[in-house]
Amino acid sequence: MFFKKSNRVQNSIDTLIGADTRVEGDIHFSGGLRVDGQIKGNVTEPVDQASTLILSEHGSIEGSVTASKIVINGKVIGNVKAAQFIELQAKASIKGDVHYKSLEMHTGAVIEGKLVYLGEHLPVLEDVGH
């Protein structure tokens, strides 16, 4: 693939939510976040800093997810928005819409929602009179 170098996942994990951990509330993170446990709340990166979210096979998020680079092998109930790319591994399950610029989906991954391509530039909403 020609885009592998630009779509590389960050090697360092700055924050780990362990397998026996359950978090209730929104999480704002930067750098690398790996989730092996459960989150009930929205997970977002800062607007000005590209970050990476990795959701392991046993991890789950109930809420919307927004990050530049996302790798999912667990369960998400909510919309997912990846500004650069998203990789859905074999055990990924998403109940919600997936907004992506670049998408890699492995056999076995399931999406119950819409796929929305973001294109080269994020869409600008204009006020259109009706």
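Structure shown above.
Owing to the predicted nature of the structure, the values given are computational and were not obtained by experimental measurement.

**Student:** Is there a simple way to explain the pattern of salt bridges in this structure?
**Tutor:** Opposite charge on two side chains lets them pair, provided their charged atoms get close. As enumerated under the stated definition, the model contains three salt bridges in all. With its nearest N and O atoms 3.1 Å apart, the salt bridge here joins Glu24 to Arg22. Taking relative accessible area as the criterion, Glu24 reaches 60% and is therefore assigned exposed. Linking Lys91 and Glu57 is a salt bridge whose minimum nitrogen-to-oxygen distance equals 3.0 Å.

**Student:** Explanation requested: the layout of surface pockets in the structure shown.
**Tutor:** In this approach, a probe sized like a water molecule rolls over the atoms, and the result shows the empty space that is left. Estimated volume of the largest pocket: approximately 250 Å³. Around the largest pocket sit eleven residues that line it, and Glu45, Pro46, Val47, Thr66 and Ala83 are the ones nearest its centre. For the lining of the largest pocket, the secondary-structure elements that each account for two or more residues are strand E9 (65-72) and strand E11 (80-88). In terms of residue count, the dominant contributor to the lining of the largest pocket is E11 (three residues).

Rules of the game
- Residues numbered from 1 in each chain as written.
- Predicted model: local features only at pLDDT ≥ 70, side-chain atom pairs only at ≥ 80, totals over all residues.
- Heavy atoms only, no water.
- Salt bridge = Lys/Arg side-chain N within 4 Å of Asp/Glu carboxyl O.
- Buried < 20%, exposed > 50% of the residue type's maximum accessible area, 1.4 Å probe, protein only.
- 1 Å grid on protein atoms, 1.4 Å probe; cavity = no way out; pocket = protein on both sides within 12 Å on 5 of 7 lines; lining within 4 Å.
- Points joined across faces, edges and corners; volume = space filled by probe spheres on them.
- Helix = DSSP H or I, 4+ residues; strand = E, 2+ residues; numbered from the N terminus.

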